[in-house]
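Working through the structure, step by step
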Amino acid sequence: MGRIFLAGIVMATVACVACGAAAQTRKPFPPGVVGVLPIDAGTEYVFLDRPTTLGGACKGWKAVSIQKPGELGSGMMAIMCWKESNGQLLTATAVKVTPQVAPMDLIR
């Protein structure tokens, strides 16, 4: 299941190469939200500024909510995690030791 979500990030990264300009015009996020990555018409990843409850490879990382667009708190929280490293967005699951990497601008 974790592969599906990580594959979604990779596909969204490829589809969002031109999102840099769009990211600069986004409205401010609600408190506690670092950024949002739309996946499809019914799903978005919301990158939260709070520790994840996942262990394993996610220990010490931050939480991600996988949810319906615009419905903060409506989604699944125990699937994946994120952190920033040298301007890169790293995502992983508790069992995925090698994180997926994308530019932080993807969610800002």
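Please refer to the structure higher up on the page.
Rules and cut-offs
Residues numbered from 1 in each chain as written. Predicted model: local features only at pLDDT ≥ 70, side-chain atom pairs only at ≥ 80, totals over all residues. Heavy atoms only, no water. Helix = DSSP H or I, 4+ residues; strand = E, 2+ residues; numbered from the N terminus. Buried < 20%, exposed > 50% of the residue type's maximum accessible area, 1.4 Å probe, protein only. Contact = heavy atoms within 4.5 Å. Areas by Shrake-Rupley, 256 points an atom, 1.4 Å probe, with all protein chains shown as cover. Salt bridge = Lys/Arg side-chain N within 4 Å of Asp/Glu carboxyl O. Pairing = 2+ DSSP bridges. Axes fitted to C-alpha atoms, helices over the stretch in contact; angles between N-to-C directions. Phe/Tyr/Trp six-rings, centres within 6.5 Å; stacked < 30°, edge-to-face > 60°.

Along the backbone of the chain there are two helices and six strands. The buried share of the chain, taken over its 108 residues, is 36%. Considering only intrachain contacts with a sequence separation of at least 6, the fraction spanning at least 24 residues in the chain is 44%. Accessible area for the chain stands at about 6200 Å²; split by element, carbon and sulfur atoms hold 60% of it.

Taken as a whole and judged by the stated rule, the model has one salt bridge. Across the pair D49 and K62 runs a salt bridge, and its minimum N-O distance is 2.8 Å. Placement of the pair is D49 in strand β2 (residues 43–51) and K62 in strand β3 (residues 62–67), with a sequence separation of 13 residues.

The six strands are arranged β1-β2-β3-β4-β5-β6 in an open sheet whose pairing can be described as antiparallel. Two strands in the sheet have a free side with no partner beyond their single neighbour: β1 (33–40) and β6 (100–103). Strand-to-strand twist across the sheet, computed as the mean angle between neighbouring axes with direction ignored, equals 30°. Examined bridge by bridge, strand β4 (residues 81–85) and strand β5 (residues 88–92) share five bridges and lie antiparallel to one another. Bridge assignment links C81 to a residue of β5, and that residue is A92.

In this description, a pair of aromatic rings is defined by centroid distance and the angle of the planes. Under the defined criterion, the tally for this structure stands at one aromatic pair. Seen in terms of ring centroids, F47 and W82 are 6.0 Å apart; in terms of plane orientation they differ by 90°. Their pairing is edge-to-face. Taken together, the residues F47 in strand β2 and W82 in strand β4 connect sequence positions 35 residues apart. Residue class for F47 comes out buried when judged on its relative accessible area of 0%.

None of the figures reported here should be taken as evidence of function without further support.
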